[in-house]
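Results of the structural survey
Now for the letters of each chain:
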Amino acid sequence: MTRFVDIQAVSDLVRALGPQPFLLALAEAMREDFLRWPEFDKSARLASHSPVGVIELMPVSDRERYAFKYVNGHPGNTARGLPTVMAFGVLAEVETGFPLLLAELTLTTALRTAAMSALAAQAVARPGARSMALIGNGAQSEFQALAFHALLGVEELRAYDIDPAATDKLVRNLAPWPALRVHRAADIADAVRGADIVSTLTARKARATLLTPDMLAPGMHINAVGGDCPGKTELHPDVLKAARVFVEYEPQTRIEGELQQMPPDFPVVELWRVLAGELPGREDPGQVTVFDSVGFALEDYSALRLVHRLAMAHGVGQDIALAPENGDPKDLFRLTRPPAG
C-alpha cells in the first residue's frame, strides 16, 4: 500500500514535534543528502510558464528512491483565497517503481525552504550573526524566522512588507517565541541597516531591485529566496558582483535565480561542495555572501524521506491502494469486471 499524508497529517506531525524541531530534522536530512550529491541523478525542473504564474515538476533519484514534486507559483492567487504556492510529491522505490508515499508538499515546502536557507547560512554566513532583515512578510516569513532562530541563534528580526497586515501577521505568529524580537522597519533600507543577514522573500513575478549595492555592509549574508523563475529577481546585479555567490544546482539557478542577470561565466559555488569540505564558504569576515536560492528537487527528496519516516513512526496518514497489488499482475482488465456473485 501507498502511505497518503495530507495537509492535516503533516500539520499534526509538525505540531507533535514542534516547528523548530521539525525544521532541525529537515535541515539534518538535507545535509545528509547534499553530502551524497554525486549519488543522485539530477536535472533542472520542468516548468510550464503562463502570464499569471508557473507550474513545475521537480524530479530526482538515487539508486534506491525516486522523488518528484508538483508545484505551482501564482502570485495573484491570494486575491482568490488560494496560496501562492501549492504542491504535492511522491517517493517511490527505484527497484520496482512502486509509490511508497503520496504527500502534500505545500506546508512541507515552506518548511524545507526555510531549513535550506538556514543550512546554507550556517555554512557561509559570518559566525555570530544574530540579526536578520525579513523583506517580504508573507507565507514564508515565519518559517524563515524560526529556522534561523533554531539553527543560527538569530535573536532580532527587522521586518518589512509593503502590506502592514503581513507584518502584523508575522508579529502575531511569532509571539510564542519571545526570545525572537521583531522590529517593524519603515522601509527596506531601514530593515537592512544593521542586519547581519538579509532574507528577501517576495512573491511578485517581476525584475525587482529590492537590494542595491549601497545597502551592503561588510560581512553581510544575503538569503535571496524570492527570485526563483525566469523574469523574477530581487537583487541589483552589482550586489552579486560584490559578493561570493552560492547556489544549489548551478544549471537551474542560471535560468531561474538572480544569476539570470549575470553572464554565463559569472563565478558561483555549488553549496554541496562547501558542506562536503571541498571548497571554502566565507573566505574572510568582511566578505559579502549571497545564497541564490531557487529550490532544488533534492531538498524535496529529503523532505519526502523525512515525512515518510515520521508518518510511519507516528502512525500518521493512511494507506491507500494507489497501484494494484493483489491478483494476476498481467490481468489488469480484471479490475473492470463486475465482482463475482
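So, a few notes on the structure that sits alongside this text. (Residues numbered from 1 in each chain as written. Predicted model: local features only at pLDDT ≥ 70, side-chain atom pairs only at ≥ 80, totals over all residues. Heavy atoms only, no water.)

The next thing to look at is the overall build of the protein chain. The helix and strand tally for the protein chain stands at 10 helices and 17 strands. Its C-alpha radius of gyration of 21 Å places the protein chain within 12% of the 20 Å reference for a compact globule of 341 residues. Taking the principal axes of the C-alpha coordinates as reference, the protein chain spans close to 80 × 45 × 40 Å. Evaluated residue by residue, the protein chain yields a buried proportion of 52% over its 341 residues. In the protein chain, the proportion of contacts linking residues at least 24 apart, taken out of those at least 6 apart, comes to 71%. Averaging the coordinates of the 33 positive side-chain charges in the protein chain and doing the same for the 42 negative ones gives two points 2 Å apart. (Helix = DSSP H or I, 4+ residues; strand = E, 2+ residues; numbered from the N terminus. Rg over C-alpha atoms; globule rule 2.2 N^0.38 Å. Buried < 20%, exposed > 50% of the residue type's maximum accessible area, 1.4 Å probe, protein only. Contact = heavy atoms within 4.5 Å. Lys, Arg positive; Asp, Glu negative; His and termini not counted. Charge placed at Lys NZ, Arg CZ, Asp CG, Glu CD.)

Take the pairing of strand E12 (residues 221–224) next. Burial along E12 is two-sided: the face carrying His-221 and Asn-223 and the face carrying Ile-222 and Ala-224 are both buried. As defined by bridge partners, strand E10 (residues 197–200) adjoins E12 across four bridges and the pair is classed as parallel. Its bridge partner being in E12, Val-198 is matched across the sheet by Ile-222. Summarising the sheet, E12 and strand E16 (residues 289–292) pair through four bridges and their orientation is parallel. Note on E16: the bridge partner recorded for His-221 is Thr-289. (Pairing = 2+ DSSP bridges.)

On to the pattern of salt bridges, then. Inspection of the entire model under this criterion finds 23 salt bridges. Note that Arg-45 is salt-bridged to Glu-256, the shortest N-O span being 2.6 Å. Separated by 211 residues along the polypeptide, Arg-45 in the loop between helix H2 (19–34) and strand E2 (46–50) and Glu-256 in helix H8 (residues 250–256) bring together distant segments of the chain. In this pair, the class of Arg-45 matches that of Glu-256, namely buried. The partner of Arg-254 in a salt bridge is Glu-250, and the shortest N-O contact between them spans 2.8 Å. Of this pair, Arg-254 and Glu-250 both sit in helix H8, four residues apart, which is roughly one turn of the helix. Here Glu-250 falls in the partly exposed class, since its relative accessible area comes to 26%. (Salt bridge = Lys/Arg side-chain N within 4 Å of Asp/Glu carboxyl O.)

When we look at burial in helix H5 (residues 164–174), the residues that qualify are Ala-166, Thr-167, Leu-170 and Leu-174. With its buried residues spanning 100° around the axis, H5 presents them on a single face. Facing away from the buried surface of H5 by more than 90 degrees, the exposed residues are Pro-164 and Arg-172. Buried residues belonging to H5 abut strand E7 (131–135), helix H4 (141–152), strand E8 (156–160) and strand E9 (181–184). (Arc of directions from axis to C-beta.)

Below, the discussion takes up the nonpolar core. Counting 69 residues, the largest nonpolar core has Val-5, Phe-22, Phe-148, Leu-152, Val-154, Leu-157 and Leu-271 as the members making the most contacts within it. Those residues within four positions of Leu-157 in sequence are excluded, and the remaining contacts are Met-132, Leu-134, Ala-145, Leu-174, Leu-180, Arg-181, Val-182 and His-183. Judged by nonpolar contacts, the second largest core, of 26 residues, contains Leu-210, Leu-235, Phe-266 and Val-288. (Core = buried A, V, L, I, M, F, W, Y, C linked by side-chain atoms within 4.5 Å.)

Moving on: the packing of H2 against helix H3 (residues 106–124). Viewed as axis vectors pointing N to C, H2 and H3 meet at an angle of 65°, and their least axial separation amounts to 9 Å. Relative to H3, the crossing made by H2 is right-handed. Note on element contacts: H3 touches H2 through Leu-111, Arg-112, Ala-114, Ala-115, Met-116, Leu-119 and Gln-122, opposite Phe-22, Leu-23, Leu-26, Ala-27, Met-30, Arg-31 and Phe-34. Taken together, the residues that form the contact of H2 with H3 break down as 11 nonpolar, one polar and two charged. (Axes fitted to C-alpha atoms, helices over the stretch in contact; angles between N-to-C directions. Left-handed = near helix turned anticlockwise from the far one by under 90°. Nonpolar A, V, L, I, M, F, W, Y, C, P; charged D, E, K, R; others polar.)

This brings us to the packing of aromatic side chains. Here the structure, examined in full by the defined rule, presents eight aromatic pairs. Between Trp-37 and Phe-296 the ring centres are 5.6 Å apart and the planes differ by 40°, which places this aromatic pair in the tilted class. Here Trp-37, found in the loop between H2 and E2, pairs with Phe-296, found in the loop between E16 and helix H10 (297–314); they are 259 residues apart in sequence, far enough to count as distant. Accessibility assignment for this pair places Trp-37 and Phe-296 in one class, buried. Both rings, one in Phe-68 and one in Phe-88, keep their centres 6.5 Å apart while their planes meet at 75°; by these two values the pair is edge-to-face. Placement of Phe-68 in strand E4 (residues 65–73) and of Phe-88 in strand E5 (residues 87–93) is noted, with a sequence separation of 20 residues between them. Looking at Phe-68, the relative accessible area reads 22%, which means it is partly exposed. (Phe/Tyr/Trp six-rings, centres within 6.5 Å; stacked < 30°, edge-to-face > 60°.)

Another point: the environment of Gly-53. Within the secondary structure, Gly-53 sits in strand E3 (residues 53–61). The exposure class assigned to Gly-53 is buried, which follows from its relative accessible area of 2%. Between the alpha carbons of Gly-53 and Ala-311 there is a distance of 32 Å; along the sequence they are 258 residues apart. Beyond its immediate stretch of four places on either side in the chain, Gly-53 contacts Ser-48, Gly-73, His-74 and Lys-205.

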